[in-house]
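So you can see what is in the structure, the chains are spelled out below.
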Amino acid sequence: MTKEVSNKQVILKHYVTGYLKESDMELKNTTIKLNVPKGSSAVVLKNLYLSCDPYMRYRMRKIEGSYVESFIPGSPITGYGVAKVLESGDSNFQKGDIVLGRTGWEEYSIVTATQTLFKIHDKDVPLSYYLGIFGMPGLTAYAGFYEVCSPKKGETVFVSAASGAVGQLVGQFAKMLGCYVVGSAGSKEKVDQLKSKFCFDEAFNYKEEQDLDAALKRYFPDGIDIYFENVGGKMLDAVLLNMKVHGRIAVCGMVSQYNLEQTEGVHNLFCLITKRIRMEGFLVFDYYHLYPKYLAMIIPQIKAGKVVYAEDVAEGLESAPSALVGLFSGRNIGKQIVVVSRE
């Protein structure tokens with residue numbers, strides 16, 4: 001007899017314009033049958049941890065011809081999660097397995113696209129880390145810094161949104177390579193954390209700087225070799241003025257622009273020509289083939305305490321809308337996750 005249970009979900013109410021609000025989402029109580037549909041290779045998951053990521057805001061608008069699809073109003077939000085397999089129609093997954101992959105913002109999910117799931121083998125670390133340092137943000141930092149930026153020992157590196165899920169790792173990777181690293185963040189607490197916990201050489205609160213160009217000249221009097229771009233807008237404009245000849249910019253995200261209906265223009269692009277700067281956007285999907293290599297590198301570093309990681313944990317599915325909205329005001333310190341169940 002099929003077991004039917006209640007299933008709390010976070011629903012997107014409508015396409016979002018302007019700044020994301022908690023009221024754009026709603027908590028809904030439904031039911032779900034915890035069985036694999038007959039003849040299907042789907043898996044039934046109990047969600048344990050969910051990831052809040054800035055790109056999710058982009059999916060809350062009507063999108064055409066992009067690398068991701070729009071969320072469907074009236075349906076649960078989807079994103080990265082860590083989950084426990086309850087039932088499986090796919091021979092690659094067994095009951096009791098812990099997996100990382102795309103799942104719904106709900107207590108239980110039935111996933112048919114099982115090729116998007118990765119089995120978690122090393123459980124001697126916090127499972128939530130697979131949404132951060134061992135997951136998409138970690139691989140993003142690794143691929144963006146080492147593959148896109150082509151760093152060299154002794155270079156100068158600037159990281160914006162440096163205390164976030166990706167930025168905190170980029171800074172540590174750069175320090176491991178022997179670079180001079182400066183990060184920007186949005187509060188004194190985050191700035192202090194960058195220097196004391198993540199070992200950045202310097203850090204500053206961009207909200208307290210009247211002139212970003214002057215701030216960057218203060219920390220990089222001879223210019224910037226590498227900029228890891230997470231915010232866009234005015235920060236990117238100021239960085240372009242301060243790049244060295246043959247500098248590299250890895251464009252990972254532009255969180256300052258995601259809530260704007262009319263994005264800000266960038267005025268100093270001529271610097272790309274005069275300084276022969278290489279600016280390259282990238283998506284982590286293009287580097288999934290590096291995931292095993294990355295895990296082999298980073299898991300021992302974490303266990304040895306050579307790399308540290310910060311999480312901001314929200315308890316309960318009902319806290320998910322607030323946690324997601326908080327990303328855009330910088331409320332979180334470290335990788336934002338939501339605990340659905342610790343089982």
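Residues numbered from 1 in each chain as written. Predicted model: local features only at pLDDT ≥ 70, side-chain atom pairs only at ≥ 80, totals over all residues. Heavy atoms only, no water.

- The protein carries the name Enoyl reductase (ER) domain-containing protein in an unreviewed UniProt entry, which gives Datura stramonium as its organism.

## Describing the overall build of the protein
Here's step 1: Across its full length, the protein holds nine helices and 15 strands.
Here's step 2: Relative to a compact globule of 343 residues, whose C-alpha radius of gyration would be 20 Å, the protein shows 21 Å and is just as compact.
Here's step 3: Referenced to the eigenvectors of the C-alpha coordinate spread, the extents of the protein come out at roughly 70 × 45 × 35 Å.
Here's step 4: Burial analysis of the protein (343 residues in total) assigns 55% to the buried set.
Here's step 5: For the protein, the distance from the average position of its 39 positive side-chain charges to the average position of its 37 negative side-chain charges is 2 Å. (Helix = DSSP H or I, 4+ residues; strand = E, 2+ residues; numbered from the N terminus. Rg over C-alpha atoms; globule rule 2.2 N^0.38 Å. Buried < 20%, exposed > 50% of the residue type's maximum accessible area, 1.4 Å probe, protein only. Lys, Arg positive; Asp, Glu negative; His and termini not counted. Charge placed at Lys NZ, Arg CZ, Asp CG, Glu CD.)

## A short note on the packing of helix 2 (residues 136–148) against helix 8 (residues 291–303)
Here's step 1: As a packed pair, helix 2 and helix 8 sit with axes 10 Å apart at the nearest point and diverge in direction by 95°. One element, helix 2, and the other, helix 8, form an angle in the roughly perpendicular class. When helix 2 is examined against helix 8, the residues Gly138, Leu139 and Tyr142 are found in contact with a partner set consisting of Tyr291, Lys293, Tyr294 and Met297.
Here's step 2: Of the residues assigned to the contact of helix 2 with helix 8, the class counts are five nonpolar, one polar and one charged. (Axes fitted to C-alpha atoms, helices over the stretch in contact; angles between N-to-C directions. Parallel < 35°, antiparallel > 145°, perpendicular 65-115°, else oblique. Contact = heavy atoms within 4.5 Å. Nonpolar A, V, L, I, M, F, W, Y, C, P; charged D, E, K, R; others polar.)

## Some thoughts on helix 3 (residues 167–176)
Here's step 1: In terms of residue burial, helix 3 counts as a mostly covered element, since eight of its ten residues are buried.
Here's step 2: Along helix 3, the positions that sit buried rather than exposed are Gly167, Gln168, Leu169, Val170, Gly171, Gln172, Phe173 and Ala174.
Here's step 3: Where the residues of helix 3 are buried, they touch helix 2, strand 8 (156–159), strand 9 (180–185), strand 11 (224–229), helix 8 and strand 15 (335–339).
Here's step 4: Gly178, located one to two residues past helix 3, shows a positive phi value of around 90°.

## A word on the packing of helix 5 (residues 212–219) against helix 6 (residues 233–242)
Here's step 1: Contact geometry for helix 5 and helix 6: axes closest at 9 Å, N-to-C directions at 45°. With respect to each other, helix 5 and helix 6 are oriented oblique. The chirality of how helix 5 crosses helix 6 is right-handed. Contact residues: Leu212, Asp213, Leu216 and Lys217 in helix 5; Lys234, Met235, Ala238, Val239, Leu241 and Asn242 in helix 6.
Here's step 2: Class assignment of the residues belonging to the contact of helix 5 with helix 6 gives a composition of six nonpolar, one polar and three charged. (Left-handed = near helix turned anticlockwise from the far one by under 90°.)

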